[in-house]
Amino acid sequence: SQKIEQNSEALNIQEGKTATLTCNYTNYSPAYLQWYRQDPGRGPVFLLLIRENEKEKRKERLKVTFDTTLKQSLFHITASQPADSATYLCALDDTGGFKTIFGAGTRLFVKA
Amino acid sequence: GAVVSQHPSWVICKSGTSVKIECRSLDFQATTMFWYRQFPKQSLMLMATSNEGSKATYEQGVEKDKFLINHASLTLSTLTVTSAHPEDSSFYICSAKQAGLANEQFFGPGTRLTVL
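Here the structure is a predicted model, which means the values were calculated and not measured. (Residues numbered from 1 in each chain as written. Chains lettered and ligands numbered in written order. Predicted model: local features only at pLDDT ≥ 70, side-chain atom pairs only at ≥ 80, totals over all residues. Heavy atoms only, no water.)

Caption draft 1: View of the overall build of chain B. On a plain count of helices and strands, chain B comes out with zero helices and 11 strands. Counting from the amino terminus, chain B carries its helices and strands in the arrangement β-β-β-β-β-β-β-β-β-β-β. In terms of overall size, chain B behaves like a compact globule, its C-alpha atoms giving a radius of gyration of 13 Å where 116 residues would be expected to give roughly 13 Å. Principal axes of the C-alpha set define a box for chain B whose edges measure 40 × 25 × 20 Å. The proportion of buried residues among the 116 residues of chain B is 50%. A sequence separation of at least 24 residues applies to 55% of the contacts in chain B between residues at least 6 apart. (Helix = DSSP H or I, 4+ residues; strand = E, 2+ residues; numbered from the N terminus. Rg over C-alpha atoms; globule rule 2.2 N^0.38 Å. Buried < 20%, exposed > 50% of the residue type's maximum accessible area, 1.4 Å probe, protein only. Contact = heavy atoms within 4.5 Å.)

See the structure below:
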């Protein structure tokens, strides 16, 4: 069956450290993968998109990797801040990009 | 740019009544809009995809007669939950894709529906 798996356990890290979140997928062949941030009671906000032919993408303190062999994407936040505390969702395209399928998200807590 | 609004942000209704939720793209034309629902600590579940001027495409298991979607213009889509029941209580989120930017979705802030 098709699955997108993100660590359901919350990730707690200290301010200034690097947070690393994992997204694994099964039985998909996405052309690209996206990461979103969602705050409680709010809609998701787009962060980064990485295509299947890209190994790594960066945006300010964010870095995403995409390994199509392992069927895995890693999302890194360097020099983390308490304001980075949120739920982070990975999403991939399905049916040629007409639909986007979301993982359940990983909750990140950054302690001051 | 690329702002999507939803109205209302929250609504409480009695069982058996209908509720309409509006989704608007404020500063761009949305060729496609999507409706999701999200239960606490769960993933966004796609309910339907709507393209302006055509009938919505519903996901398997979503009752199209219960969740009526209208996409009358390039900036407005509405979701009507008909004869709402307590199990319809959820967080409903719309998103829109901008013409020319095929991959990125812009999400609305969501609507919290509580059916008593």
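Caption draft 2: Geometry of the pairing of strand β3 (residues 19-25) of chain B. Residues and elements named next belong to chain B. Going residue by residue along β3, you find V19, I21, C23 and S25 tucked away on one face and K20, E22 and R24 left uncovered on the opposite face. The sheet contact formed by strand β1 (residues 4-7) and β3 spans four bridges and is antiparallel. Its bridge partner lying in β3, H7 is registered against E22. Pairing between β3 and strand β8 (residues 76-81): six bridges, direction antiparallel. When the bridges of β8 are listed, V19 appears paired with V81. (Pairing = 2+ DSSP bridges.)

Caption draft 3: Fine view of the interface of chain B and chain A. Listed as interface residues are 17 residues of chain B and, on the opposing side, 19 residues of chain A. At the surface where chain B touches chain A, the tally comes to zero salt bridges. Counting across the chain B and chain A interface gives five residue pairs in polar contact (both at pLDDT 80 or more). Elements with a minimum of two residues in the side of chain B that touches chain A: β4 (30-38), β5 (44-51), β9 (90-98) and β10 (101-107) of chain B. If one sorts the elements of the side of chain B that touches chain A by residue count, β10 of chain B sits on top with four residues. Class assignment for the residues of the side of chain B that touches chain A results in eight nonpolar, six polar and three charged. (Salt bridge = Lys/Arg side-chain N within 4 Å of Asp/Glu carboxyl O. Polar contact = N/O pair within 3.5 Å; in protein donor to acceptor, adjacent residues only side chain to side chain. Nonpolar A, V, L, I, M, F, W, Y, C, P; charged D, E, K, R; others polar.)

Caption draft 4: Focus on a nonpolar patch on the surface. The grouping of W10, I12 and L116 of chain B at the surface amounts to a nonpolar patch, some 390 Å² of accessible area in total. Its place among the elements puts L116 of chain B in the segment after β11 (111-115). (Patch = residues over 30% accessible without salt bridge, like charges linked within 9 Å, V, L, I, M, F, W, Y side chains within 5 Å. Areas by Shrake-Rupley, 256 points an atom, 1.4 Å probe, with all protein chains shown as cover.)

Caption draft 5: Just the nonpolar core, in detail. Judged by nonpolar contacts, the single largest core of 25 residues is most densely connected at V4, W35, F67, L79, Y92 and L113 of chain B. Going through the elements one at a time, β2 (10-13), β3, β4, β5, β7 (67-73), β8, β9 and β11 of chain B are the ones with two or more residues in this core. With sequence-adjacent residues up to four places away left out, V4 of chain B is seen in contact with C23, R24, S25, F28, C94, A96, F106, F107, G108 and P109 of chain B. The next biggest cluster of nonpolar side chains, apart from the first, holds 23 residues, and it includes I4, A19, L48 and L92 of chain A. (Core = buried A, V, L, I, M, F, W, Y, C linked by side-chain atoms within 4.5 Å.)

Caption draft 6: Highlighting the side chain of K66 of chain B. Residue and element names in this part refer to chain B. By secondary structure assignment, the location of K66 is in the loop between β6 (57-58) and β7. Its relative accessible area of 12% is what places K66 among the buried residues. If near-sequence neighbours (up to four positions away) are discounted, K66 is found in contact with T80, V81, T82, S83, A84, H85 and D88.

Caption draft 7: Broad picture of the packing of aromatic side chains. Counted under the stated rule, the structure contains 12 aromatic pairs over all chains. When the centroid spacing of 5.7 Å and the interplanar angle of 80 degrees are considered together, the rings of F102 of chain A and F107 of chain B count as edge-to-face. In this pair, F102 of chain A sits in strand β10 (residues 99-102) while F107 of chain B sits in strand β10, so the two residues belong to two different chains. Relative accessible area serves as the criterion here: at 10%, F107 of chain B is assigned to the buried category. (Phe/Tyr/Trp six-rings, centres within 6.5 Å; stacked < 30°, edge-to-face > 60°.)

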